[in-house]
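Remarks on the overall topology
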Amino acid sequence: MSHDSGGHGFGRRDILKGLGVGGVAGLAGCTSGDSTPTDSGGDDDDGGGDTATDTPERLGDTLVDPDGNQVELTHVYSTGSQTTETTAEYIKQKLGEVGIAVNLKGLGFNQMLVQYAQNAPEGSDAASFNGGSRDESVSQEPWDFMSGIGFNSYPFTPSSINVFWSDVSKDIATVNFYGYKPSEPIEPKLSEASQSGDPDTRLDLFSTVFGILSEDQPVNFLTLATVLNGFRDRVSGLGDPTLFFGWDYQTRYFGDSASVGGTYTSGTSAPAKTLYPIRSNDAESDARIALALDGAYTLKGNQGEFQGLWVESYERNDDATAYEFTLRDGLEWGAGYGQMTAEDWVYYIRNVRQAEDNWAGDVNPSTFFQQGDPMGVEQTGELSFEITLPNGPDLSFIQKPIMWGAYCLPKGLIQPYYERVQDASSEEDKIAIGNELAEEDDEILELAYSGNLGPYSYERWDRDSVFVASRNDDYYAANTVADWGNVPYFEEYRIQVFSEQSTRISAFEAGEIDATGIPQEQYETLSQQDGINVVQTPDAFTGLMPYNQRANGWDQLRKQQVRQGISTAIPKRVIAEQINRGLATPAYTHQPEYSQWYDDSKVVRFGGPDSNSIGGAQRMLDEALDDGYSFE
Amino acid sequence: MSMRWYVARRLGWTAFATFVILSFYFALIQLAPGGGQASFQFSVATSGGSAEEAAETYKQIRGLTGPLHERYLDYMVNMATGDWGWSQTRNQEVITAISQAYPYSLQYALPATLFSILFGTAVGLYSATHRYTMTDYTGTFISFFGISIPNFWFGIMLILILAVQAPEVTLFGVKLLPLPVYYQTEAVLNHGWVSWENARQLIMPVIVLSTAQIAGQMRYSRATAMEYVNAEFVKTARAKGASDWRVLLRHIFRPALIPLMTIFIAEILGLFFAGAYLVEVIFQIPGLAKLSYDALISQDTPLFMGTSLIPILLLLLGNLLQDISYTVLDPRIDYGDR
């Protein structure tokens, strides 16, 4: 999903008006625009590359199809974000210069998914995000481009991107709604990379994939955004601004030295849905649950290093097919469930997370499965258990969101329900038991089982207003984990919901809340205010514009060079620096440059300074389009 | 026709209209594209899970399994018996959500409504009897200001001026400003509903809401009273030496009260579903209107149905009460032909 912050403080027309000048200046200044893009040389922040040639002349004002009509394409985008809407209008403007008429169609994200992304073969009701053959499975409505969507680039576990880029015919390609068929097989390379123990081999395989994606242009990779985290300057101990910023939020405090005291209030824009981990699939619910439950372990640093929390350590077998986790001693459940042991984990994973009929309504039911097969889970000691991978090794297992941040529930809490499930005669009855656990058990609803397992204890949850947690004096991690001292340092931790952005920002300016996300359009103003500290952190999501290569898209989009030509016409630097106010960087493939698996020499930068011009785009299209298309 | 038969007929009509509206709502929700299901499926698919299985899970936890007619029957029975379902976005019963939200709305809607009824009506009547004076112009200005200024903008401006930018202001030894930017529920928990700490965070919401309400009330009262200012019976009263207050209250206000009842009853009934969407969203008051707004935004069907049903029932009930009140207030109105 798109991660730009939207907002309504700056007129879209104003931006476009500015782009009219900025765009021209940008093109003139970047000097490139030759008809074929060049591999980047990496000698400047936009890739540098070969010395640019003169901008080719345009071939005409209008791209005409074999019937003599101007080519008209449909660009759907999700509404609600000013940045997305402005980007869509800018793309329309640039493609208009190429000679292609673009019809913009804005609609809500859910509706966009239903009508344009989900597809199914004719006669089938089971719509998914890859219904198989791109000739047979199409969306309800025809489309050509799509905006307002972003894909996680998984910079630490890039094999996870196989769901986006594997061939449309593969089951593993669960999100290939645009009907992409790679020019070279991608999925085997990702699979081999995830199983290889040799870092050089992995780098070669991963970077090759990123090179293929940059050349194939299944989507137009647009930008990598940054996250803007605002804090009042009385908050100390913020930590390093890495991708895992906040992994050690327990160590934050007020003032100059770490001591216990004060109420910390974080402002957020959306309410939480649940405090029940099994049914939490949104960041807001997780943020509240995490205050009371640390989870198995976290990742930190620039490369996602393991930092034990409940799990003190792990061991991997030689071929990376089994991982043994050891729990800390002294982890205590609340509500009288005793010590957390490996038995709790094994029972929970087997009978809840891997339950065949998903009686508990797990919203992430595939977590403990590998390619559809359940992972083996065995207790190896009172505090240790082993997870085995049924379909081969995975060196990135630790950094995947399987055990990373995983929660557990006490066996004593789950068992009575699960025993009833085993006795239930129908699926409806099993579901009813699962719903009873989720909706009526007070220990679940109020996190009563959390014991000493998190830095804070549940106090109250005013659904549309505030979640309040108080300091957990028995917190297991105090003076135990890493070099943490007597954590946590706040007496009370609140998460306050604001439905209206301007109210949230006003509360932050007035000092009524201590932290909140900063919208792009207010970054400059707020970062210069006294008493406010804005921390920029990288975002793993890539904003992109898929090209519909299914049967209800423009048939020419199935050609690699046509997609390249269109991407060439859209200068990403303008989108990053002007529309995103310099708070994003151009993206040319599905991996950020800070990733250790990114190899600049393999990435082709369509839409970058060396491969961006209208004339160049027209020549690429002219060369690639079927007979009968012409520029007039 | 007796009045009892008339009321019975109206009640029957109200029940029928409620049935139709509930069925209409049910159909609308069934036809609504996607709901939150698509984004849930997308989230699962991006993690490598099956979108089809995710759809099943979504229906399972939202109670959307089973044939349509069974779900419709369950829905109608539940609505009739007060079991209005489970809010998945809040993980609590709809009735509980509504009952928790209601006091938060009432605490600002009650003073705003009473103030606007009393002040708006009084100024409207006064303006009608003192046309084209400075007082009339001032009242007209206030009413046009209230009608013209968007609540949304007005609320944000008040926050910026009174809560963010304003220095602290003390009036008669009481620290008034800056006011809190947003509504904080702990004021009620720590100090109670009736406390200065709670009241001061309602000042801006009441100002915003009552400004708009006063405007309508004032203009309506003024226009209604104008019909009677030069009526024969008013002139007669004046000729008989009745005081200005007596003329105003006994000879102008009383006949004007009949059309004014329409707006009075609507506003008083409105207190049972109190809340103004924009006011609650801007000031972050966790009341009924915000509950309904969030339910709509997050496509929480049971909650949205619950919060929508209340105003519908109140609307139907309000129409009934208005018709009956006319017959009580003015004996010349006969319900026999209705």
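Residues numbered from 1 in each chain as written. Chains lettered and ligands numbered in written order. Predicted model: local features only at pLDDT ≥ 70, side-chain atom pairs only at ≥ 80, totals over all residues.

Here we look at the overall build of chain B
Counting its regular elements, chain B contains 15 helices and four strands. Looking at chain B as a whole, 36% of its 338 residues qualify as buried. Put simply, of all contacts in chain B between residues at least 6 apart along the chain, 68% involve residues at least 24 apart. (Helix = DSSP H or I, 4+ residues; strand = E, 2+ residues; numbered from the N terminus. Buried ≥ 20, exposed ≤ 12 C-beta atoms within 10 Å, placed from the backbone. Contact = placed C-beta atoms within 7 Å.)

Considering the overall build of chain A
Scanning chain A for helices and strands turns up 16 helices and 26 strands. Its C-alpha radius of gyration of 26 Å places chain A within 12% of the 26 Å reference for a compact globule of 632 residues. Principal-axis analysis of the C-alpha atoms gives chain A an extent of 80 × 60 × 45 Å. In chain A, of all internal contacts separated by at least 6 residues, the share reaching a separation of at least 24 is 70%. (Rg over C-alpha atoms; globule rule 2.2 N^0.38 Å.)

Looking at the environment of T568 of chain A
Counting through the fold element by element, T568 of chain A comes out in helix 14 (residues 560-568). Note: C-alpha distance between T568 of chain A and G608 of chain A (40 residues apart in sequence) is 7.6 Å.

Digging into the domain arrangement of chain A
For interface size, the figure often reported is the accessible area lost on association. Domain annotation of chain A identifies domain 1 (12-225 + 539-631) and domain 2 (235-513). Computed from C-alpha coordinates alone, the two centres of domain 1 of chain A and domain 2 of chain A are separated by 36 Å. (Domains from an automatic or database assignment.)

A look at the confidence of the model for chain B
On average, residues of chain B carry a pLDDT of 82, and 90% of them reach 70 or more. In the predicted complex, the global pTM is 0.84; the interface-specific ipTM is 0.82. (pLDDT = per-residue confidence, 0-100.)

Some details on the environment of G255 of chain A
Residues and elements named next belong to chain A. On the secondary structure map, G255 appears in the loop between strand 10 (253-254) and strand 11 (263-268). For G255, a count of 12 C-beta atoms within 10 Å gives the class exposed. The spatial distance from the C-alpha of G255 to the C-alpha of G304 is 29 Å, given a sequence separation of 49 residues. Non-local contacts of G255, meaning those with residues more than four positions away in its chain, are made with R234 and S236.

Observations regarding unusual backbone geometry
Among all residues save glycine, negative phi is the norm, and among peptide bonds the norm is trans. Residue and element names in this part refer to chain A. V487 connects to P488 through a cis peptide bond whose omega is -5°. Structurally, the position occupied by P488 is in the loop between strand 21 (466-471) and strand 22 (492-497). Positive phi, normally seen in glycine, also occurs at Q371, with a value near 50°. Looking at the secondary structure, you find Q371 in the loop between strand 16 (369-370) and strand 17 (373-374).

Some words on the packing of helix 14 of chain A against helix 16 (residues 614-624) of chain A
Residues and elements named next belong to chain A. At their nearest, the axes of helix 14 and helix 16 sit 8 Å apart, and the two run at 165° to each other. With respect to helix 16, the axis of helix 14 lies roughly antiparallel. Viewed along their axes, helix 14 and helix 16 form a crossing whose handedness is left-handed. Where helix 14 abuts helix 16, its residues Q561, V562, Q564, G565, I566 and T568 lie against G616, A617, M620, L621, E623 and A624. Within the contact of helix 14 with helix 16, the residues separate by chemical class into six nonpolar, five polar and one charged. (Axes fitted to C-alpha atoms, helices over the stretch in contact; angles between N-to-C directions. Parallel < 35°, antiparallel > 145°, perpendicular 65-115°, else oblique. Left-handed = near helix turned anticlockwise from the far one by under 90°. Nonpolar A, V, L, I, M, F, W, Y, C, P; charged D, E, K, R; others polar.)

Some remarks on the domain arrangement of chain B
Annotation of chain B at the domain level lists domain 1 (37-83) and domain 2 (97-329). Distance between the C-alpha centres of domain 1 of chain B and domain 2 of chain B: 40 Å.

Things to note about the environment of G608 of chain A
Mapped onto the fold, G608 of chain A is located in the loop between strand 25 (584-586) and helix 16. C-alpha separation for the pair G608 of chain A and S567 of chain A, spaced 41 residues apart in sequence, amounts to 9.2 Å.

Things to note about the sheet that holds strand 18 (residues 376-379) of chain A
Residues and elements named next belong to chain A. Reading across from one edge, 14-15-19-18 is the order of the four strands in this open sheet, with antiparallel pairing throughout. At either end of the open sheet lies a strand with only one pairing partner, and these are strand 14 (311-316) and strand 18. Adjacent strand axes in the sheet meet at a mean angle of 20° when their direction is disregarded. Across the sheet, helix 8 (residues 342-353) touches strand 15 (322-327), strand 18 and strand 19 (384-388), and the angle it forms with strand 18 is around 155°. (Pairing = 2+ DSSP bridges.)

Re the nonpolar core
A292, Y348 and A469 of chain A together with L209 of chain B are the most contacted members of the largest nonpolar core, which totals 122 residues. Considering each element in turn, this core owes the most residues, ten residues, to helix 5 (residues 94-129) of chain B. Sequence-distant contacts of L209 of chain B, defined by excluding residues within four places in its chain, comprise Y108, A109, A112, A276 and V279 of chain B. Formed by 89 residues, the second largest nonpolar core is a distinct cluster that contains Y154, A193, I212 and V604 of chain A. (Core = buried A, V, L, I, M, F, W, Y, C linked by C-beta atoms within 7 Å.)

Quick word on helix 6 (residues 134-148) of chain B
All names here are of chain B. Between its first and last C-alpha atoms helix 6 spans 21 Å; for 15 residues at 1.5 Å apiece the expected length is 21 Å, and the two agree. Within helix 6, the full set of buried residues consists of G139, S143 and G146. Looking straight down helix 6, one finds its buried side chains confined to an arc of 60°; they lie on one side. Along helix 6, exposed side chains directed more than 90 degrees from the buried face belong to M134, Y137, T138, F141 and S148. Tucked into the core, helix 6 has its buried residues touching helix 5 and helix 10 (203-229). (Expected span 1.5 Å × (residues − 1). Arc of directions from axis to C-beta.)

Structural notes on the interface of chain B and chain A
With 46 residues of chain B at the interface, the matching set in chain A holds 45 residues. Contributing elements (two or more residues each) for the side of chain B that touches chain A: helix 2 (37-46), helix 3 (51-62), helix 7 (151-165), helix 13 (277-283) and helix 14 (288-297) of chain B. Of the residues forming the side of chain B that touches chain A, the biggest block, eight residues, is contributed by helix 2 of chain B.

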